[in-house]
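# Structural overview for review
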Amino acid sequence: DTAVSQTPKYLVTQMGNDKSIKCEQNLGHDTMYWYKQDSKKFLKIMFSYNNKELIINETVPNRFSPKSPDKAHLNLHINSLELGDSAVYFCASSARDRETEAFFGQGTRLTVV
Amino acid sequence: AQSVTQLDSHVSVSEGTPVLLRCNYSSSYSPSLFWYVQHPNKGLQLLLKYTSAATLVKGINGFEAEFKKSETSFHLTKPSAHMSDAAEYFCVVSDRRDDKIIFGKGTRLHILP
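Small disclaimer: the values here were computed from a predicted structure and weren't measured.

### Some thoughts on the overall build of chain A
In terms of regular secondary structure, chain A is built from zero helices and 11 strands. Each helix and strand of chain A, ordered N terminal to C terminal, gives the series β-β-β-β-β-β-β-β-β-β-β. Scaling as 2.2 N^0.38, a compact globule of 113 residues should have a C-alpha radius of gyration of about 13 Å, and chain A matches this with 13 Å. Dimensions of chain A, computed from the C-alpha atoms along their principal axes, are close to 40 × 25 × 25 Å.

Structural data, given as structure tokens:
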């Protein structure tokens, strides 16, 4: 009964391709996030959505386009993949109050070759 | 804007000895603070959280942390390290006024036999 699920878990693709990562949460949360974890393990916020509305876009290249069809889903589409996009991408969700922790998916390891 | 600084990128302790992972935060508002753990090739698991109630917070697996406003610190401790504690630990600050959950750069905990 996974709370935040991401698919796929692993993604290997060639430079220049377009790919999507899907995220779904069944916690009833109203806020969802995408984080990128680089090879040094640093987790950087990319996007935040609240009730399907984009709240935060942290200077991410416009090749990255999040899409939230409903409150339970936040998908990440990446165009024209580059070698530097290789990382682990984590989806997370939380309730929009100060005290609730974020729940994270298991991550998607993207490798661009 | 809030930020979080983990003072050590690597900490090594012997099994059975105490663990101290240091974290300082900056927030212009009353923050919520969290510690997450990430085992190799795994997702992020919440260890504990501070949300303006008791300043000494107990978490899972024997970990605890103390919120010290005067020192703007939220250090993580455990009385006796176990081999299974070897992982990456992240201190996290949340200031929901801007819907950001900000991660520190992580501390890799090594347990020596």
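Here the narrative resumes, following the displayed structure.
### Focus on the packing of aromatic side chains
Evaluated as defined, the whole model comprises 13 aromatic pairs over all chains. With centroids separated by 5.3 Å and ring planes inclined at 70°, the aromatic side chains of A:Tyr35 and B:Phe103 adopt a geometry described as edge-to-face. One end of the pair, A:Tyr35, is in strand β4 (residues 31–37); the other, B:Phe103, is in strand β11 (residues 100–103), on a second chain. Note on A:Tyr35: relative accessible area 1%, which makes it buried. Judged by relative accessible area, B:Phe103 falls into the buried class, the value being 4%. Taking NZ or CZ as reference, B:Lys105 lies 5.7 Å from the ring centre of A:Phe42, over its face.

### Considerations on the nonpolar core
By size, the foremost hydrophobic cluster in this structure holds 27 residues, and its most contacted members are B:Trp35, B:Leu48, B:Phe74, B:Leu76 and B:Tyr89. Per element, the largest residue contribution to this core is four residues, and it comes from strand β10 (residues 87–95) of chain B. Beyond its immediate sequence surroundings of up to four residues, B:Phe74 is in contact with B:Cys23, B:Leu33, B:Phe34, B:Trp35, B:Leu48, B:Tyr50, B:Ala65, B:Glu66, B:Phe67 and B:Cys91. Residues A:Phe47, A:Phe64, A:Leu76 and A:Leu110 belong to the second largest nonpolar core, which totals 20 residues.

### Here's the deal with the pairing of strand β2 (residues 10–14) of chain B
Residue and element names in this part refer to chain B. Alternating positions in β2 separate cleanly, Val 11 and Val 13 being buried on one face and His 10, Ser 12 and Ser 14 remaining unburied on the opposite face. Pairing between β2 and strand β12 (residues 107–112): five bridges, direction parallel. Note that in β12 the partner of Val 13 across the bridge is Ile 111.

Thresholds, definitions, all that
- Residues numbered from 1 in each chain as written.
- Chains lettered and ligands numbered in written order.
- Predicted model: local features only at pLDDT ≥ 70, side-chain atom pairs only at ≥ 80, totals over all residues.
- Heavy atoms only, no water.
- Helix = DSSP H or I, 4+ residues; strand = E, 2+ residues; numbered from the N terminus.
- Rg over C-alpha atoms; globule rule 2.2 N^0.38 Å.
- Phe/Tyr/Trp six-rings, centres within 6.5 Å; stacked < 30°, edge-to-face > 60°.
- Buried < 20%, exposed > 50% of the residue type's maximum accessible area, 1.4 Å probe, protein only.
- Lys NZ or Arg CZ within 6 Å of the ring centre and 35° of its normal.
- Core = buried A, V, L, I, M, F, W, Y, C linked by side-chain atoms within 4.5 Å.
- Contact = heavy atoms within 4.5 Å.
- Pairing = 2+ DSSP bridges.

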